[in-house]
Amino acid sequence: MLFSGVQWLDASLMGVLGLLIGSFLNVVIHRLPKMMERQWQQEAADMAGQELPAQVPFNLLVPRSRCPHCGHVIAWHENIPVLSYLALRGKCSACKAPISARYPLVELAIAGLFFYCTWVYGANASGMAWCAFSATLVTLAMIDWDTTLLPDDLTLPLLWLGLIAAALKWTPLSLHTALWGAVAGYMSLWVVFWAFKLATGKEGMGYGDFKLFAALGAWFGWQALIPMILIASVIGAMVGIAMKINASLREGGYVPFGPFLAGAGLCALFFGPDALLRAVGL
């Protein structure tokens, strides 16, 4: 009973921490692509020998969050995870424009994942590693869905953390298995990418997908890659067909693959690689 009480307390506290981190990740989801765009513009200008006009600082900390409709600066009491959204009834306090429900949903998702990871793995280095894994996947899925970008600033640390976690025994994989899982994950999609491009002259996915799949291989091993890619492909195809029927596909008629890879990774977290292998008959 004592163990269960401590376990519940630890998981609950990590769930609260997840709410706070989820609030910050909403900022990352919105701002990181814009920061990348600014960086690309600066690099292009430098290569062309041009000088861009001075820009106001823009990063994950400044400027303060504002309502996109009226520019109202969000006060601290309007930025409390979930609670502020409920208190404001999902509307800006100044102009009453609707606030996307995705903000509290992301916060709740991260809170639930932190609770689960701590409950299963404990309030230790292993549990913290899996919390970071799940939070990064949610962030990548949201960014890719919005922008079709999978930033190296997130995919590469996720890959390295998986290898480090295996080396330090924070995951059940050996470093050897994690390393070859990363290699297999990257190379498998790289081969598919080039085969598709040579056959059609088109690019069917981005390099970020290779890196994300490599990261999943580092966390779960090469054996789990087959069921994860099958799950991601089937669900992605179903969503793509549904969007095509509803005429809601974005320009170009494509659906980003990263969110479905991330979803497959979360399935592996919840059910385990062995269960995924059995589900697909392997």
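Report follows, based on the coordinates. The shown structure was predicted, so the numbers you read here are calculated from the model rather than taken from an experiment. (Residues numbered from 1 in each chain as written. Predicted model: local features only at pLDDT ≥ 70, side-chain atom pairs only at ≥ 80, totals over all residues. Heavy atoms only, no water.)

### Some details on the environment of Pro 227
Relative to the elements of secondary structure, Pro 227 occurs in helix α8 (residues 225–245). Once the C-alpha coordinates of Pro 227 and Arg 278 are considered, the two residues, 51 residues apart in sequence, prove to be 8.9 Å apart. (Helix = DSSP H or I, 4+ residues; strand = E, 2+ residues; numbered from the N terminus.)

### Topic: a nonpolar patch on the surface
On the surface, a cluster of nonpolar side chains totalling about 760 Å² of accessible area is made up of Leu 179, Trp 180, Val 183, Met 187, Trp 190, Val 191, Tyr 207 and Trp 222. For the nonpolar patch, the element with the most residues is helix α6 (residues 175–200), which contributes six residues. As for its placement among the helices and strands, Tyr 207 is situated in helix α7 (residues 207–220). (Patch = residues over 30% accessible without salt bridge, like charges linked within 9 Å, V, L, I, M, F, W, Y side chains within 5 Å. Areas by Shrake-Rupley, 256 points an atom, 1.4 Å probe, with all protein chains shown as cover. Salt bridge = Lys/Arg side-chain N within 4 Å of Asp/Glu carboxyl O.)

### Quick notes on the packing of helix α4 (residues 125–147) against α7
Contact geometry of α4 with α7 gives a least axis separation of 13 Å together with a crossing angle of 160°. Here α7 runs roughly antiparallel to α4, going by the angle between their axes. Considering the relative orientation of α4 and α7, their crossing is left-handed. Side by side, α4 and α7 meet where Ala 129, Trp 130, Phe 133, Leu 137, Leu 140 and Asp 144 of the first sit next to Asp 209, Leu 212, Leu 216, Trp 219 and Phe 220 of the second. (Axes fitted to C-alpha atoms, helices over the stretch in contact; angles between N-to-C directions. Parallel < 35°, antiparallel > 145°, perpendicular 65-115°, else oblique. Left-handed = near helix turned anticlockwise from the far one by under 90°. Contact = heavy atoms within 4.5 Å.)

### Describing the pattern of salt bridges
Under the defined criterion, the tally for this structure stands at three salt bridges. Between Arg 102 and Asp 146 there is a salt bridge; the shortest N-O distance is 2.7 Å. With Arg 102 in helix α3 (residues 102–121) and Asp 146 in helix α4, this residue pair connects regions lying 44 residues apart in the sequence. A salt bridge links Lys 211 to Asp 152; its shortest N-O distance comes to 2.8 Å. Placement of the pair is Lys 211 in helix α7 and Asp 152 in helix α5 (residues 152–167), with a sequence separation of 59 residues. When its relative accessible area of 35% is taken as the criterion, Asp 152 is described as partly exposed. (Buried < 20%, exposed > 50% of the residue type's maximum accessible area, 1.4 Å probe, protein only.)

### Considering the environment of Leu 105
Looking at the secondary structure, you find Leu 105 in helix α3. Note on Leu 105: relative accessible area 54%, which makes it exposed. Residues Leu 105 and Pro 81, 24 residues apart in the sequence, show an inter-C-alpha distance of 9.9 Å.

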